[in-house]
Amino acid sequence: GERGGFLDQVMARLARLGTAQADLRAKVVGNMIYPAVLATVGALVGLAIFVLMVPPFREQLTGLKGKLPTITRVVFGVSDLLTQLWWVTLLMLIVGLVAAWRLSKVERVREWIAGRLPRMPVVGSLLRAVVAARVCGLMGSMLANGVPLLSALAIAREGSGSRPMANALGEAMERVRQGQGLSQPLAASGMLDPDVVEMIAVGEGANNLDEVFDRVAETLEQRVDRRLTIAVRLIEPLMLVVIASIVGVVAVALILPMVQMSSRL
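Residues numbered from 1 in each chain as written. Predicted model: local features only at pLDDT ≥ 70, side-chain atom pairs only at ≥ 80, totals over all residues. Heavy atoms only, no water.

1. Describing the overall build of the protein chain
Cut-off, in case you're wondering: Only DSSP runs of H or I covering at least 4 residues are called helices, and only runs of E covering at least 2 are called strands; the numbering of each starts at the N terminus. Computation of the radius of gyration draws on C-alpha atoms, with the globule rule given as 2.2 Å multiplied by the number of residues to the power 0.38. Contacts were defined at the residue level, with two residues in contact if any of their heavy atoms lie within 4.5 Å. Each accessible area is a Shrake-Rupley estimate made with a 1.4 Å probe; only the visible protein chains count as cover when residues are assessed. Only four residue types enter the charge count, namely Lys and Arg as positive and Asp and Glu as negative; His and the chain termini do not. For this purpose, a charge sits on NZ of Lys, CZ of Arg, CG of Asp or CD of Glu.
Helices and strands together make up the secondary structure of the protein chain, namely 10 helices and 0 strands. Ordered by position from the N terminus, the helices and strands of the protein chain form the series α-α-α-α-α-α-α-α-α-α. For 265 residues, the compact-globule formula gives about 18 Å, and the C-alpha radius of gyration of the protein chain, at 27 Å, lies well above that figure. Taking the principal axes of its C-alpha atoms as reference, the protein chain extends roughly 90 × 35 × 30 Å. Counted over contacts in the protein chain with a minimum sequence separation of 6, partners at least 24 positions apart contribute 65%. Summed over all atoms, the accessible surface of the protein chain reaches about 16000 Å², with 64% contributed by carbon and sulfur. Once the 27 positive and 21 negative side-chain charges of the protein chain are each reduced to a mean point, those two points are 12 Å apart.

This is the structure:
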């Protein structure tokens, strides 16, 4: 912008890009609040069941020790881990968290996780759309303001926030240096949907990549919004099913010994 004498246009476009990315981030965070609350409530309900409800039943069923059903022994074991052996559970949790933190610092593990996340069901498609929207927004802003394609790819690579996308953009830079197209390495990465790759290929042929990237970014942001809505709608009943399953398993585990006792009388 400074070299070309259109710094005001660059600043205005960057402001719009920053606003769009902030809106996208707010949508992601806002839509995940309710599932996070459900998960927290579910964890508290499960903790209350195993800490407060199960121990009194165990005292009443001590006479059947060794004859309890497997599901009942498992529930009592979980209750023991959260009450009598809480320090063991806490130690295991701390060791697990430390081990996960140490593993997250290993480059090979980080690459493996980064490569698997975009391929996960539901979450993977959402992550791919978020990353693609960010990259396309950056590319459209830079190309529209006269930044050379290779420089734009290098900047988008640093700002992608995704290792698979950064690798794909690095491969695209090598292809562009060799005089080849941009769409093929992006398609091979699997980070962009086929319709997005097709639009980029059309933009290459028509020499209007800046407009295409802007249009793709807007489309992907709308797609992210839709997918977030669908994901949240799937998470809500899933969390309720998990909570209901915990309650149901505990109820069966506590009622089954009583039924067996009554059948023997």
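2. What to know about a nonpolar patch on the surface
Convention followed: Patch definition: residues above 30% relative accessible area lacking any salt bridge, with like charges linked at up to 9 Å and the nonpolar side chains Val, Leu, Ile, Met, Phe, Trp and Tyr linked at up to 5 Å. Every case where a carboxyl oxygen of Asp or Glu lies within 4 Å of a side-chain nitrogen of Lys or Arg is listed as a salt bridge.
There is a patch of nonpolar side chains on the surface, built from L81, L85, W86, W87, L90, L93, I94, L97 and V98 and spanning about 890 Å² of accessible area. At 7 residues, helix α3 (residues 86-104) tops the list of elements feeding residues into the nonpolar patch. Tracing the backbone shows L93 in helix α3.

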